[in-house]
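Coordinate analysis (summary)
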Amino acid sequence: MVKHLISLCKNTIFHKKTSMANKKQNKKDNKSVVNSKSLEFLESYINNPSPTSYEWSGQRMWLDYINPYVDETFVDHYGTAVGVVNPDAPYKVVIEAHADEISWYVNYITKEGLIYVIRNGGSDHQIAPSKKVHIHTEKGIVDGVFGWPAIHTRSGEKEEGPTLKNIFIDCGCTSKEEVEELGIHVGSVVTYQDEFMVLNDRYYVGRALDNRVGGFMIAEVARLLKDNKKKLPFGLYIVNAVQEEVGLRGAEMITEKIKPNVAIVTDVTHDTQTPMINKITQGDLSCGKGPVLSYAPAVQINLNKLLFEVAKNNDIPFQRQASSRFTGTDTDAFAYSNGGVPSALISLPLRYMHTTVEMVHKEDVDNVILLIYNALLNIKDGQDFRTFNQ
Ligand SMILES: [Zn+2]
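Since the model is a prediction, treat every value here as computed from it, not as a measurement.

1. Some points on the nonpolar core
- With 82 residues, the main nonpolar core has Met 217, Ile 238, Leu 307, Val 360, Leu 371 and Ile 372 as its most contacted residues.
- Not counting the four nearest positions on each side in its chain, Val 360 is found in contact with Tyr 203, Tyr 204, Leu 209, Val 213, Cys 287, Leu 348, Leu 350 and Val 365.
- Within the second largest apolar cluster, 19 residues are counted, among which are Trp 104, Ile 109, Phe 168 and Val 179.

Shown next as structure tokens:
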């Protein structure tokens, strides 16, 4: 009896707990911006390879996703994809992220059939050993691995770290001819196989969240505008630019084509809370504490003020970052184009940049989306940022 009673009690408590957890989850679902359908898109978008200058398939997925939320779309010669709301409006506001993923180029194939690589973007030689890769060829995707000498066979006294000169890919071939028969040649592009996951229901983890999560966030802004039936008084250009990782090239091209009046760029920045990062030089930024607003010459001061006001008025948490000279993001490309375009940067804190386990906080993703969305609702048609707030 007692036992039974206890177990009944346990059950009751258990049910109570579950329903509380459900309530909490429902509350969270109502509050969170990213819904299950958008999360599904994020996962497949991140798992799809999008190496710099080969962004096409990712761009196609992205355009399919935003298509219902915009009036028209176009793609430029190098693959930058744009969704437009109010295409006839003369005053043009850009929200922008970059679509490309860092990768490797095949550079040299040995007669024994091993492959040496060079960077396509800032790929990190230190993380390469023992990674599985995809080599992209006209015959399809070929599997490979970055090999590495066993701990037993390395010189214990003088260990050599991985460098571009000693990392190599093994795709199971014994000669250069066998490698070539698979369709691999100098210039073939190599990406990692690592896939998306959600960590502790708190973080999105994956390769090249930098900055495809940005493309996702601006697409979610378009979705929110449509879902909430918001009409903007200006033309909105939602830009997923190519080739950022090799020097902001896609943004440089598309800003000349669009000739925007305002540009709000989103990219990732470093969370500095993990070991071996110096806060004195890198600042004090955390995942989970909100979007990061920047102070930098390219960031137009009155547009930036608008972002701070919008964050404060909408209870969106934010952090501050300073950049000397350059932001190192597409913000610079927009700001210094077309005789000067008022531009600002909203960054998403990220751990382990340019590794295959880049981490961003779910709440930060929601808050970046909300900050861009609310900023758009506060920009007026024809707004002159020279006189704003004076
Ligand atoms: Zn990057």
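2. A word on the pairing of strand β12 (residues 235-241)
- Buried residues dominate β12, accounting for seven of its seven residues.
- Burial along β12 is two-sided: the residues Gly 235, Tyr 237, Val 239 and Ala 241 and Leu 236, Ile 238 and Asn 240 are all buried.
- Note: strand β2 (residues 81-85) against β12, five bridges, orientation antiparallel. Within β12, the residue paired with Gly 83 across the bridge is Ile 238.
- Bridge analysis of strand β3 (residues 92-98) against β12 gives seven bridges, and the strand direction is parallel. Note on β12: the bridge partner recorded for Val 94 is Tyr 237.

3. Details of the sheet that holds strand β15 (residues 319-322)
- Across the sheet, eight strands lie side by side as β1-β2-β12-β3-β13-β16-β14-β15; this open sheet has mixed pairing. Both edges of this open sheet fall to β1 (72-75) and β15, since each of them pairs with a single strand only. Each adjacent strand pair in this sheet contributes to an overall mean axis angle of 25°, direction not counted.
- Bridge count between β1 and β2: four bridges; the pairing is antiparallel.

4. A word on the packing of helix α5 (residues 209-227) against helix α10 (residues 362-378)
- At a minimum axis separation of 9 Å, α5 and α10 run at an interaxial angle of 55°. Comparing the axis directions of α5 and α10 gives the class oblique. The hand of the α5/α10 crossing is right-handed. Here Val 213, Met 217, Ile 218, Glu 220, Val 221, Leu 224 and Leu 225 of α5 lie close against α10, whose contacting residues are Val 365, Val 368, Ile 369, Ile 372 and Tyr 373.

5. Here we look at the domain arrangement of the chain
- Split into domains, the chain comes out as domain 1 (34-101 + 207-378) and domain 2 (103-192).
- Computed over C-alpha atoms only, the centres of domain 1 and domain 2 are separated by 32 Å.
- On the domain 2 side, the residues contacting the twelve residues of domain 1 number 13 residues.
- Its residues assigned to classes, the side of domain 1 that touches domain 2 comprises four nonpolar, four polar and four charged.

6. Side note on helix α3 (residues 56-66)
- Within α3, burial applies to Gly 58, Gln 59, Trp 62, Tyr 65 and Ile 66. Burial along α3 is one-sided: seen end-on, the buried residues are contained in an arc of 120°. Across from the buried face of α3, at angles greater than 90 degrees, the exposed residues are Ser 57 and Asp 64.
- Contact partners of the buried residues in α3: α2 (36-47), β1, β2, α5 and β12.

Scoring rules and cut-offs
Residues numbered from 1 in each chain as written. Predicted model: local features only at pLDDT ≥ 70, side-chain atom pairs only at ≥ 80, totals over all residues. Core = buried A, V, L, I, M, F, W, Y, C linked by C-beta atoms within 7 Å. Buried ≥ 20, exposed ≤ 12 C-beta atoms within 10 Å, placed from the backbone. Contact = placed C-beta atoms within 7 Å. Helix = DSSP H or I, 4+ residues; strand = E, 2+ residues; numbered from the N terminus. Pairing = 2+ DSSP bridges. Axes fitted to C-alpha atoms, helices over the stretch in contact; angles between N-to-C directions. Parallel < 35°, antiparallel > 145°, perpendicular 65-115°, else oblique. Left-handed = near helix turned anticlockwise from the far one by under 90°. Domains from an automatic or database assignment. Nonpolar A, V, L, I, M, F, W, Y, C, P; charged D, E, K, R; others polar. Arc of directions from axis to C-beta.

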